[in-house]
Amino acid sequence: MLRSIRLILRMIKFEHTVFALPFAVLSLLVASEGRPRAATVGWILLAMAGARSTAMAFNRLADHRLDALNPRTAQRELPTGQLRRGPVIAFTMAAAGLLVLAAWQLNPLCLALSPVALGVICLYSFTKRFTAASHLVLGLSLATAPVGAWLAVRGRFAPFPLLLAAAVLCWVAGFDMIYGCQDTAFDRRMGLHSLSARSGDRSALWVARWMHVAAVGLFLMAVGAAGLGGLAMLGVAVVSALLFYEHWLVRGGDLTHIDRAFFTVNSYVGLAFLLFTAADLYLG
């Protein structure tokens, strides 16, 4: 059992929860005016872990056959037989249960919306089979994080978490368009509908650039909606520089640095924005 859990955590790249987590924490801090309750923080972190684990494990199950056929993913744990589907299904159900339990502990609205969140994050795994908008659905999946954290504290919607969610959606969709360029030939051969498969790598990279321009604009609008100041604005500037560097790494369609552009740079985006906005909240 311990070996299966270790392999599952490796398979779902649990450490990459860092992509969405900073935006949930940021939304939590703004909603609580910098004074969150310890219990609320704990349940939000558990909800995030449950949601992200559900999404990734379900994706590996849904793409099991495709991963086995794709040279880039054929060495993953399910295609190679290191893991059987049974333990992964059980893990997925347990992670989904953790999300629902955490939502129940937070407030009735979060509990009522938890099936919606689960539906969105699981839907993504099938969207590339029928639409090039799959990148946007992935963005929407991660965009639920700041909205959910805000609702956990305030229990009602507001402009700030919605603008932050829109920014996250554009940011994630943009970097997923870049990442998808690795599989353009495979997607075309299998009839999958990534943007690069439909329009080519060049077009996908251009759309990704504009998605990131939109993300920066929405980050600025979110900062304004929260009434944050200069440090938060500086955080947006840092995010802009990181996104510029990400696109510089893949300039001209060169994908040799795709891992650095996708994993390293994007992990810093959320952390940088969280640090600067938290500094603004507490020191501004």
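Here is what the cut-offs are and how they apply
- Residues numbered from 1 in each chain as written.
- Predicted model: local features only at pLDDT ≥ 70, side-chain atom pairs only at ≥ 80, totals over all residues.
- Heavy atoms only, no water.
- Helix = DSSP H or I, 4+ residues; strand = E, 2+ residues; numbered from the N terminus.
- Contact = heavy atoms within 4.5 Å.
- Expected span 1.5 Å × (residues − 1).
- Buried < 20%, exposed > 50% of the residue type's maximum accessible area, 1.4 Å probe, protein only.
- Arc of directions from axis to C-beta.
- Phe/Tyr/Trp six-rings, centres within 6.5 Å; stacked < 30°, edge-to-face > 60°.

Trainee: I'm lost on the environment of L46 in this one. Help?
Mentor: With respect to the element layout, L46 can be found in helix 3 (residues 38–62). Separated by 59 residues in sequence, L46 and Q105 have C-alpha atoms that sit 11 Å apart. Non-local contacts of L46, meaning those with residues more than four positions away in its chain, are made with L98 and A102.

Trainee: Would you take a moment to explain helix 12 (residues 230–249) for this structure?
Mentor: An α-helical turn contains 3.6 residues, so any two residues separated by three or four positions project in the same direction. Spanning 20 residues, helix 12 covers 29 Å between terminal C-alpha atoms, matching the ideal 28 Å at 1.5 Å per step. Those residues of helix 12 not exposed but buried are A232, G235, V236, V239, L242, L243, E246, H247 and L249. Taken down its axis, helix 12 places every buried residue within 155° of arc, on the same side. Structural note: helix 12 exposes G230 and F244 on the side pointing more than 90 degrees away from its buried face. Considering only its buried residues, helix 12 is in contact with helix 8 (159–180), helix 11 (201–226) and helix 13 (258–283).

Trainee: I would appreciate a short explanation of the packing of aromatic side chains in the present structure.
Mentor: Counted by the stated rule, this structure contains 15 aromatic pairs. Measuring from ring centre to ring centre gives 5.1 Å for W171 and F175, while their planes differ by 75°; the resulting arrangement is edge-to-face. Of this pair, W171 and F175 both sit in helix 8, separated by four residues, roughly a single helical turn. As far as burial versus exposure is concerned, W171 and F175 are alike and both buried.

None of this, on its own, says anything about what the molecule does.
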